[in-house]
Amino acid sequence: MYGFNDHLKPMPFTGLRALLQGSSRYSIRMATEGSIEQTFVQLEGGIQRLTLPLPTGPKHVHCYLAGRTLFDTGLGLADAPWSAVEAERIAITHFHPDHVGGAEAAARATGATVFQGGLDYAQCERVWGSDDWPERIASWFVRHGAPAAVADDLIAQGHAFAPFVRYAVEPDLLYEGSEVDGWEVLELPGHADGHLGFLRDGVLIAGDHLLQRISPAVGLYPESRPDPLGDYLTSLERTIELAPRIVYPGHGEPILDAGVRARELIEHHRHRLDETAEALGGEPRSAYEISVDVFGAELEPTQRRFAVAETLSHLERLVREGRAARGGDDQRVFYTGP
Ligand SMILES: [Zn+2]
């Protein structure tokens, strides 16, 4: 899942500056035991891929440099290589920590202008710019049936993680149809409500909208668009129509047949919708209970959070398709079969 294709000839990241300046390559290793190396890879069309380590999940995230435009910035870890990157513009695909977390440091080191989606920046400020987001999201999960211990874990984790996320304040805002250095801005909601893609000459910089081996998480969260899975399925259909020649994702390898991958993901969610519908009956059940049926009982708190949010996005889609009903009140929310 995390390897690189041989034909891409990964080189150590500090080759970035060396390559830009036409001198020989050299390398550094990340100090962290077991984490991946920072790497710099030359891709077709003069695009360069900078890979940064992550402490969790897929263990790495890709940033891309096209001319003087940098796409995404990794998590805000202290040893990111921004002084070696010559960028005038930084464009953010979405506000999740592994993409926006390094934006402030990258902007400071390069002097670049930061661009971010209008809706995405509003959510970024709401989540990372407020002190009480972990409490708000924890109470939302309790409302959807999570036990108090799970909610407490969420609060502790949320506060521990937030200091690593340093987004850039007051970016230039982007919308569908905006342009950055010749890249057309596409709004591709689903994985994040305000997720952007950047399209130029058949190349789509896709963030986490489309990943080769991972099904991008599509969750329902408080204060967000009401039907993220419906949004995502529409964005996947749009991707099939756009038929980009190559997709550069935030994690994993480039995607050469975007239409095939988009169809696989649509199928995956159709199947998951059926599984979720089967977990419903006449008795009201919470999203938390249903997530245990669909995703199993043994999950770490972070994984459970994703599972509940993902279950909710499927439940809300089922409500819109007439296959489920939502009930309850301000304190508790339940779902039943049709
Ligand atoms: Zn990501």
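Residues numbered from 1 in each chain as written. Predicted model: local features only at pLDDT ≥ 70, side-chain atom pairs only at ≥ 80, totals over all residues.

By way of backbone hydrogen bonds, the strands of a sheet pair with one another, either parallel or antiparallel. Spatially, five strands are ordered β9-β10-β11-β12-β13 in an open sheet, and the strand pairing comes out mixed. With one partner strand each, in any of the chains shown, β9 (179–180) and β13 (246–249) form the two edges of the open sheet. Pairing analysis gives four bridges linking strand β12 (residues 203–207) to β13, with the strands arranged parallel. The residue of β13 that forms the bridge with glycine 207 is proline 249. (Pairing = 2+ DSSP bridges. Helix = DSSP H or I, 4+ residues; strand = E, 2+ residues; numbered from the N terminus.)

Further remarks concern helix α3 (residues 103–110). Within α3, the full set of buried residues consists of Ala103, Ala106, Ala107 and Thr110. Projected onto a plane normal to the axis of α3, the buried residues spread over an arc of 95° and lie on a single side. Packing partners of the buried residues in α3 comprise β5 (69–71), β6 (89–91), α2 (97–100) and β7 (113–117). Within two residues after α3, glycine 111 carries a phi angle of roughly 75°, on the positive side. (Buried ≥ 20, exposed ≤ 12 C-beta atoms within 10 Å, placed from the backbone. Arc of directions from axis to C-beta. Contact = placed C-beta atoms within 7 Å.)

Where helix α5 (residues 133–143) contacts helix α6 (residues 148–161), the two axes come as close as 8 Å, and the packing angle between them is 160°. As far as their axial angle goes, α6 and α5 are roughly antiparallel. The handedness of the crossing between α5 and α6 is right-handed. Seen from α5, the contacting residues are Trp133, Pro134, Glu135, Ile137, Ala138, Phe141 and Val142; seen from α6, they are Ala148, Val150, Ala151, Leu154, Ile155, Gly158 and His159. Residue composition of the contact of α5 with α6, grouped by class: eleven nonpolar, two polar and one charged. (Axes fitted to C-alpha atoms, helices over the stretch in contact; angles between N-to-C directions. Parallel < 35°, antiparallel > 145°, perpendicular 65-115°, else oblique. Left-handed = near helix turned anticlockwise from the far one by under 90°. Nonpolar A, V, L, I, M, F, W, Y, C, P; charged D, E, K, R; others polar.)

A separate point is the pairing of β7. Counting buried residues in β7 gives four out of five residues, a clear majority hidden from the surface. Two strands pair when backbone bridges link them, and β7 and strand β8 (residues 172–174) are joined in this way by three bridges, in the parallel orientation. Each bridged residue has a counterpart across the sheet, and for glutamine 116 the counterpart in β8 is leucine 173.

Further remarks concern the nonpolar core. By size, the foremost hydrophobic cluster in this structure holds 58 residues, and its most contacted members are Tyr64, Leu70, Ile90, Ala103 and Val114. Among the elements that make up this core, the one with the highest residue count is strand β4 (residues 60–66) (five residues). In this view, isoleucine 90 contacts Leu70, Thr73, Ala103, Ala106, Ala107, Ala112, Val114 and Phe115; residues no more than four positions away in its chain are not counted. Of all hydrophobic cores here, the second largest spans 21 residues; its members include Tyr288, Ala309, Ala324 and Tyr335. (Core = buried A, V, L, I, M, F, W, Y, C linked by C-beta atoms within 7 Å.)

Purely spatial values, then, with no claim about function.
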